[in-house]
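Residues per chain are reported as follows:
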Amino acid sequence: MKIGYMGVTSTFVVPDDLDALTRHPKASQPGEPINLHHTQCHGCGDDAPEGLHIKIFAGDGFTVRARMLVEPRMEGGPGQIHGGILATAFDEVMSHLPLLVGGHCVTAHLQVDFAAGIPVGSTLYFEGRLLGRQRRKLYTEVVAYLADPLVDAGAEAVASGRALFVKIDSARHYAETLANSKAAEQISRRRG
Ligand SMILES: CCCCCCCCCCCCCC(=O)SCCNC(=O)CCNC(=O)[C@H](O)C(C)(C)COP(=O)(O)OP(=O)(O)OC[C@H]1O[C@@H](n2cnc3c(N)ncnc32)[C@H](O)[C@@H]1OP(=O)(O)O
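What you see is a predicted model; the values in this text were computed from it and never measured.

Observations regarding the side chain of serine 170
Relative to the helices and strands, serine 170 resides in helix α2 (residues 170–173). Leaving out residues up to four positions away in the same chain, serine 170 has contacts with His104 and Arg191.

The structure is reproduced here in structure tokens:
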């Protein structure tokens, strides 16, 4: 299967003149979970009852690995994951890549290629990669598999995504909405 369609016009273009990437000294080590969002986050939060509960781990270099159980409540077409849910999962997984170089980001642009239907009941495995950084912009990519590509070299890629994240000052960015968050106290405590 071909990941990323040739000839499809896209606004996602990784520039040539990228800045150097340096791993943040406090970034999670390869194999360790990355827990830098909050417990109510719809993508990764353990306490978000309707969330996706994606487990995300740092990989080597500027990569992450993740997995998610495709639950019946995620159904779109009969017996298959809803495309919007997969897009949300991709957004979540890629949003952890900028954390390897430090600082919170928001998604400015997100695109997804769906290559095969994904059955409810399967476990999706994700491999994400930071493609580069230019000033506040971080370019990322993710591929989803129906088997763990770490243990199964023949694991078939079923979808891919690309996203542009922009680094923010999180205190300022969320200043007017933090009070509405179920995690307001937790986030304020973390900021100290
Ligand atoms: C302790 C704290 C806990 C916090 C927990 C955090 C949890 C996080 C959970 C995360 C959950 C998961 C993640 C989510 O779901 S995040 C939720 C979804 N995303 C958002 O809500 C973001 C909404 N957008 C914005 O806030 C602003 O537009 C941003 C901040 C993105 C930029 O506005 P800002 O005024 O700041 O900057 P700028 O406009 O000068 O742009 C800067 C650069 O970027 C380039 N650009 C911009 N847009 C685009 C575009 N579409 N295509 C291509 N390029 C684009 C632009 O040309 C410029 O480039 P250059 O001039 O440098 O070349």
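Here the narrative resumes.
Here we look at the side chain of glutamine 111
Relative to the elements of secondary structure, glutamine 111 occurs in strand β3 (residues 105–114). A polar contact of 3.0 Å, which involves the side chain of glutamine 111, links it to the side chain of histidine 109. In this structure glutamine 111 touches Ser10, Phe12, Ser160, Gly161 and Arg162, once residues within four positions along its chain are discounted.

Details of the sheet that holds strand β5 (residues 137–145)
Spatial ordering of the open sheet is given by β1-β2-β4-β5-β6-β3, a layout of 6 strands whose pairing is antiparallel. Looking at the sheet topology across the chains shown, the edges are occupied by β1 (55–58) and β3. Averaged over all neighbouring strand pairs, the angle between strand axes comes to 20 degrees, with direction disregarded. Note: strand β4 (residues 123–134) against β5, 9 bridges, orientation antiparallel. If you follow tyrosine 125 over to β5, its bridge partner there is tyrosine 145. Where helix α1 (residues 83–95) meets the sheet, its contacts fall on β1, β2 (63–69), β3, β4, β5 and β6 (157–167), and the angle it forms with β6 comes to roughly 50 degrees.

A word on the confidence of the model for the protein chain
Averaged over every residue, the pLDDT of the protein chain is 93; the share at 70 or more is 95%. Model confidence for the complex is summarised by a pTM of 0.95, with the ipTM given as 0.97.

What about the pattern of salt bridges?
Tallying each qualifying case throughout the model produces 7 salt bridges. For the salt bridge of glutamate 141 with arginine 162, the shortest nitrogen-to-oxygen distance reads 3.6 Å. Here glutamate 141, found in strand β5, pairs with arginine 162, found in strand β6; they are 21 residues apart in sequence, far enough to count as distant. With a relative accessible area of 11%, arginine 162 lands in the buried category. Among the charged side chains, a salt-bridge network with shared partners connects Asp113, Arg129, Glu141 and Arg162.

Cut-offs and rules
Residues numbered from 1 in each chain as written. Predicted model: local features only at pLDDT ≥ 70, side-chain atom pairs only at ≥ 80, totals over all residues. Heavy atoms only, no water. Helix = DSSP H or I, 4+ residues; strand = E, 2+ residues; numbered from the N terminus. Contact = heavy atoms within 4.5 Å. Polar contact = N/O pair within 3.5 Å; in protein donor to acceptor, adjacent residues only side chain to side chain. Pairing = 2+ DSSP bridges. Axes fitted to C-alpha atoms, helices over the stretch in contact; angles between N-to-C directions. pLDDT = per-residue confidence, 0-100. Salt bridge = Lys/Arg side-chain N within 4 Å of Asp/Glu carboxyl O. Buried < 20%, exposed > 50% of the residue type's maximum accessible area, 1.4 Å probe, protein only.

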